[in-house]
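# Understanding the architecture of this molecule
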Amino acid sequence: MPESAPWWRQGAVYQIYPRSFADANGDGLGDIAGITSRVDYLETLGIDAVWLSPFYPSALADGGYDVADYRDVDPRLGTLADFDELVAVLHGRGIRVVVDIVPNHTSDRHEWFQRALAAGRGSPERERYIFREGPDDTTPPTDWVSMFGGPAWQRVHDGQWYLHNFAVEQPDLDWSHPEVRADFVTTLRFWSDRGVDGFRIDVAHMLTKDMSEPLLSRSELDALPVDGLHPMVDRDDVHEVYAEWRRVFESYDPPRTAVAEAWVHKSRVPLYASRESLGQAFNFDLLQADFDAGQFRRVVQENLELAHASGSSSTWVLSNHDVVRHATRYGLPHPARAANGDPVRKQGTDWVVSGGVAPDLDRAAGERRARAATLFMLALPGASYLYQGEELGLHEVAEIPASSRQDPTFFRSGGADFGRDGCRVPLPWRPDGTSYGFGTDGAHLPQPQWFADYAVSLEEGDPRSTLSLYRHALALRRSLQTVEQLEWVPTARDDVLHFRRPNGWEVVTAFGETPYALDLGDVLVSSSPLHGDELPGATTVWFRG
Ligand code: NOJ
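Residues numbered from 1 in each chain as written. Predicted model: local features only at pLDDT ≥ 70, side-chain atom pairs only at ≥ 80, totals over all residues. Heavy atoms only, no water.

## Considering the sheet that holds strand β7 (residues 198–201)
- A sheet is described by the order of its strands in space; here seven strands give the open sequence β8-β7-β3-β2-β1-β10-β9, paired in parallel fashion. Two strands close off the open sheet at either side, each with one partner strand: β8 (257–260) and β9 (315–317). Between one strand and the next, the sheet's axes are offset by a mean angle of 25°, whatever the strand orientation. (Pairing = 2+ DSSP bridges. Helix = DSSP H or I, 4+ residues; strand = E, 2+ residues; numbered from the N terminus. Axes fitted to C-alpha atoms, helices over the stretch in contact; angles between N-to-C directions.)

## Examining the pattern of salt bridges
- Under the defined criterion, the tally for this structure stands at 38 salt bridges.
- Linked through salt bridges whose partners overlap, the residues forming this network are Asp62, Asp322, Asp407, Arg420 and Arg424. (Salt bridge = Lys/Arg side-chain N within 4 Å of Asp/Glu carboxyl O.)

## Observations concerning empty space enclosed by the protein
- One pass over the full model with this rule turns up five cavities of 30 Å³ or more.
- Within this model, the largest cavity holds a volume of roughly 90 Å³.
- What lines the largest cavity is Val269, Pro270, Ala273, Ala281, Asn283, Asn303, Leu306, Ala307, Ser310, Ser313, Ser314 and Thr315.
- Put simply, the parts of the chain that give the lining of the largest cavity at least two residues each are α8 (269–273) and α10 (293–310).
- The greatest single-element share of the lining of the largest cavity, amounting to four residues, is contributed by α10.
- Of the residues contributing to the lining of the largest cavity, the split by class is six nonpolar, six polar and no charged.
- Volume-wise, the second largest cavity comes out at about 70 Å³.
- Forming the boundary of the second largest cavity are 13 residues, of which His326, Ala327, Ala370, Glu390 and Gly393 lie nearest the centre.
- A class-by-class count of the residues in the lining of the second largest cavity yields four nonpolar, five polar and four charged. (1 Å grid on protein atoms, 1.4 Å probe; cavity = no way out; pocket = protein on both sides within 12 Å on 5 of 7 lines; lining within 4 Å. Points joined across faces, edges and corners; volume = space filled by probe spheres on them. Nonpolar A, V, L, I, M, F, W, Y, C, P; charged D, E, K, R; others polar.)

## Focus: the site of the ligand
- What surrounds the ligand is a group of 14 residues, the closest being Asp62, His105, Asp202, His321 and Asp322.
- Taking Asp62, its side chain carries an N or O atom lying 2.6 Å from an oxygen atom of the ligand.
- Here an oxygen atom of the ligand and a side-chain polar atom of Asp322 are 2.5 Å apart.
- Taken by itself the ligand offers 300 Å² of open surface, and the protein chains cover 97% of this.
- For the shell around the ligand, a count of residues per class yields four nonpolar, three polar and seven charged. (Near = heavy atom within 4 Å. Polar contact = N/O pair within 3.5 Å; in protein donor to acceptor, adjacent residues only side chain to side chain. Areas by Shrake-Rupley, 256 points an atom, 1.4 Å probe, with all protein chains shown as cover.)

## Side note on the sheet that holds strand β6 (residues 161–163)
- Pairing is antiparallel in the open sheet, where three strands are placed in the order β4-β6-β5. For this open sheet the edge positions go to β4 (131–132) and β5 (153–155), each flanked by a neighbour on one side alone.
- Direction of pairing for β5 relative to β6: antiparallel, over a ladder of three bridges. Looking at β6, one finds that Gln154 is bridged to Tyr162.

## Concerning the environment of Gly439
- Assignment of secondary structure puts Gly439 in the loop between α14 (408–412) and α15 (456–460).
- Gly439 gets classed as buried once you look at its relative accessible area, which sits at 17%.
- Along the primary structure Gly439 and Tyr65 are separated by 374 residues, whereas in three dimensions their C-alpha atoms are 23 Å apart. (Buried < 20%, exposed > 50% of the residue type's maximum accessible area, 1.4 Å probe, protein only.)

## Focus: the packing of helix α5 (residues 178–193) against helix α7 (residues 238–250)
- For the pair α5 and α7, the least separation of the axes is 10 Å and the interaxial angle reads 30°. One finds that α5 runs roughly parallel with respect to α7. Helix-helix and strand crossings are classified by hand; for α5 and α7 the assignment is right-handed. Taking contact as the criterion, the partners of Arg181, Phe184, Val185, Leu188 and Arg189 in α5 are, on α7, Glu240, Val241, Glu244, Trp245, Val248 and Phe249. (Parallel < 35°, antiparallel > 145°, perpendicular 65-115°, else oblique. Left-handed = near helix turned anticlockwise from the far one by under 90°. Contact = heavy atoms within 4.5 Å.)

In structure tokens form, the structure reads like this:
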């Protein structure tokens, strides 16, 4: 990597979902001390940073994305002193720390919301949230629907309604309120002062809203263009918030970084990724693509162009805490797609809802393709975001009984959608024990027996394991990562992609099942064993030509 480039441009960032990573105190819930106890693992993996999903006090109505106090640690996960120790230990190993900021909504347990409930209608306390009157006692102010299903309004004891775009327990904040704005600046400084290097901004495209009366209906909202003036999403004025945050980031040395989780049209991503705003934005296109050469190439090309337009680097993601793991997605038949190319349902959703029975999952093919896709991704210019467990080749867990499910999507959809619990099952560290080495007791989400086969301790000793592949590839990537450019090399077949980085690093992926022969020169790593100069199907190889 060019010496002068800041780390985040092409970093390998490993997402930790703290409640499911490692449990040091044996209560079945992962914790901060558990992460600290696994720092050798993180160092050996070869990542540049960890991103910690929320570890703040929370009633866990939405896996911690319902934050009751933005400037503390959930007592079940530890203390601020534990957090400080984790940061010090990670920094000591050269690993940066990114934390999650959830600004669109608080938890209903947040002190502000509790005060708003107590203070009643018309009070200044209610102005930090979005309270409105309904036409009558049983009808909400509008017919808007929450992202987790069901109405987006909840009635409170005195008859007013509050807006929650996500779970009922996640009331939306009113970002026109100066105290809301000031408080998040305080939060950003609080964690920056504790040594945090960067922030992942949850639902970055929804903070500001135009709630002027009369409120539009759902179909009227849907009919409006999302052009920066839409009342609910991706409004231009959200960047006033981020301009203020930018001043905070730049007041530190080195400047703090941020990455936006913004589900917006491609043409608007550069606004979030620009240096005046958050500086980087997630690109979820690979995560939504099939394992298909044409789709991968288009996604890479488009996103490198967008990154260029914003002055930022591109980001790449194959798995995270919100989607079916990519080993599983790639082991299922390609999903149906809408006219614009988007999957009709989130990929793998139907398989999860079937309890893992239909359609047939080809586990081995899924893992093989996942390894090939990861090796392809890690060679791209830009930052790669990895999700805990993918380095083990873990599959999604479908066999979670209804009584153990936690995701609000499951409850609010009346069981039609099983939600995201299956990618949040605690990691297997050993092939035995009550929770496969996750802790000394059970695990808050049930682990299936087949988790034993993916245990860290087994994979560590196996040079052909997915974990060994990740370690090898991440170490190589450190020495190979170069200026953010890529040149496509023509291939003899449509199901094969070949690109070259400026320093002679070459990458070929055969997406189909048919082997592909070419002169491989000096092979650096491959996602499955090569047969001489021939790539077997569903394989990526890195080499020097
Ligand atoms: C996006 C997060 O990634 C997801 O897990 C969460 O449910 C929603 N934001 C609401 O905070």
